Amino acid sequence: MDDYKKLIEEAFGESSEDSDDDDRLRQPEDSNIAGLVSGKLPEWERISEIKGLSLCRDFLTPHQQSTLLASILQQEGWFTDASHNQAMRFGDLPAWANELSTCIRELIQYSNYDPESTDKTSEMDGKDCIFPSTLLNREPLFNQLIANSYQPGGICAHVDLMRFEDGIALVSLESSCVMHFSRVENEAVTDRKQPEPKIPVYLTPGSLLLISGEARYQWKHEINRKPGFQIWDGLEIVQKRRTSITLRRLCNSE
């Protein structure tokens, strides 16, 4: 834990003792984003039904979310027109996106992660590792991003295109939603009487969702805005604008 704090302080500066948000790191003068990983180590939630799916709810503080959103809206100029709700970048990513990628890598490295694991099926303390080291150690970690602004809006059930490698990171901003996961249908199974249940995952502002392995290839994900789908703990979620940042890596072209 102390090593984690030291590394983050070297990258982003020391924490401000006078701030109301004591766990927020001071923004260095040459950085476009305030320290994107808080001084205390965030906790991970394992989605037990889906192997390769891990959620960190407190990845970004509210201040850090605002700073990241400002980078998207002001520096990039995205979503200034209501008719434009999606933006993509390939190859060389903006500085704020590279910094975000670095923070994701450091968070995983200083969490309950097994650095010696190279097998996607390896386990530590009886649980799957957060992110396979074969993915975490690649360079660059990500080289493609897609930013979406939902007003509000949903996404159809899908598996990300095979042009992208394994290992995807999703950061949520502005408002909450429930993302549902469902198994990819097996055409060889013809005697199934009813579809398998969908697994709900509650994405809060500032959360980080990591998708790899089975979750990446064998499960579809969707955001259904129809009545009855955006419910968590028995309460209907108020539908508001949501911004998401998805980081992926393109497959190497032969």
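Residue positions are given per chain, counted from 1 along the sequence in the order it is written. Only residues with pLDDT of 70 or above have their local features reported here, since the model is predicted, and side-chain atom pairs are shown and tallied only from 80 upward, although totals for entire chains, interfaces and linings are computed over all residues. The basis for the side-chain values is all heavy atoms of the structure; hydrogens and waters are excluded.

A. Looking closely at the sheet that holds strand 1 (residues 45-46). In this analysis, strands are considered paired if DSSP registers two or more bridges between them. Helical segments are the DSSP runs of H or I of at least four residues, strand segments are the runs of E of at least two, and each set is numbered from the N terminus. Read across the open sheet, the seven strands follow the order 1-2-11-8-15-6-3; overall the sheet is antiparallel. Both outer strands of the open sheet, strand 1 and strand 3 (86-90), are each paired with one neighbouring strand and no more. The pairing of strand 8 (residues 168-173) with strand 15 (residues 242-248) spans five bridges and is classified as antiparallel. Bridge assignment links Val171 to a residue of strand 15, and that residue is Ile245. In the packing of helix 2 (residues 62-75) onto the sheet, the strands contacted are strand 8 and strand 15, and the crossing angle to strand 8 comes to about 100 degrees. Residues count as neighbours in contact if any of their non-hydrogen atoms are within 4.5 Å of one another. Whenever a helix is involved, its axis is fitted only over the stretch in contact; in every case the axis is a line through C-alpha atoms, and angles between N-to-C directions fall within 0 to 180 degrees. Across the sheet, helix 3 (residues 95-109) lies against strand 2 (53-56), strand 6 (144-150), strand 8, strand 11 (208-211) and strand 15, angled at about 75 degrees from strand 15, the strand it touches most.

B. Molecular detail of helix 3. A helix is expected to reach a length of 1.5 Å times the quantity of its residues less one. Between the first and last C-alpha of helix 3 there are 21 Å, a value that for 15 residues agrees with the 21 Å anticipated at 1.5 Å per step. Counting buried residues along helix 3, eleven of its 15 residues qualify, which places the element largely inside the surrounding structure. Only protein chains enter the area calculation, which uses a 1.4 Å probe; residues under 20% of their type maximum are buried, those over 50% are exposed, and those in between are partly exposed. Every buried residue belonging to helix 3 is among Trp96, Ala97, Glu99, Leu100, Ser101, Cys103, Ile104, Arg105, Glu106, Leu107 and Ile108, and all of these are buried.

C. Summary view of the pattern of salt bridges. A pairing counts as a salt bridge when a side-chain nitrogen of Lys or Arg comes within 4 Å of a carboxyl oxygen of Asp or Glu. One pass over the structure, following the stated rule, counts eight salt bridges. When the shortest N-O distance is used, the salt bridge between Arg105 and Glu139 registers 3.1 Å. A residue pair is termed long-range when its members are at least 10 positions apart, and Arg105 in helix 3 and Glu139 in the loop between helix 4 (133-136) and strand 6 qualify at 34 residues. Notably, a salt bridge pairs Glu174 with Arg241, separated by 2.6 Å at the nearest N-O pair. Linking Glu174 in the loop between strand 8 and strand 9 (177-183) with Arg241 in the loop between strand 14 (235-236) and strand 15, this pair joins segments that are 67 residues apart in sequence. With relative accessibility at 30%, the residue Glu174 sits in the partly exposed group.

By themselves, these observations are geometric and do not establish any function.
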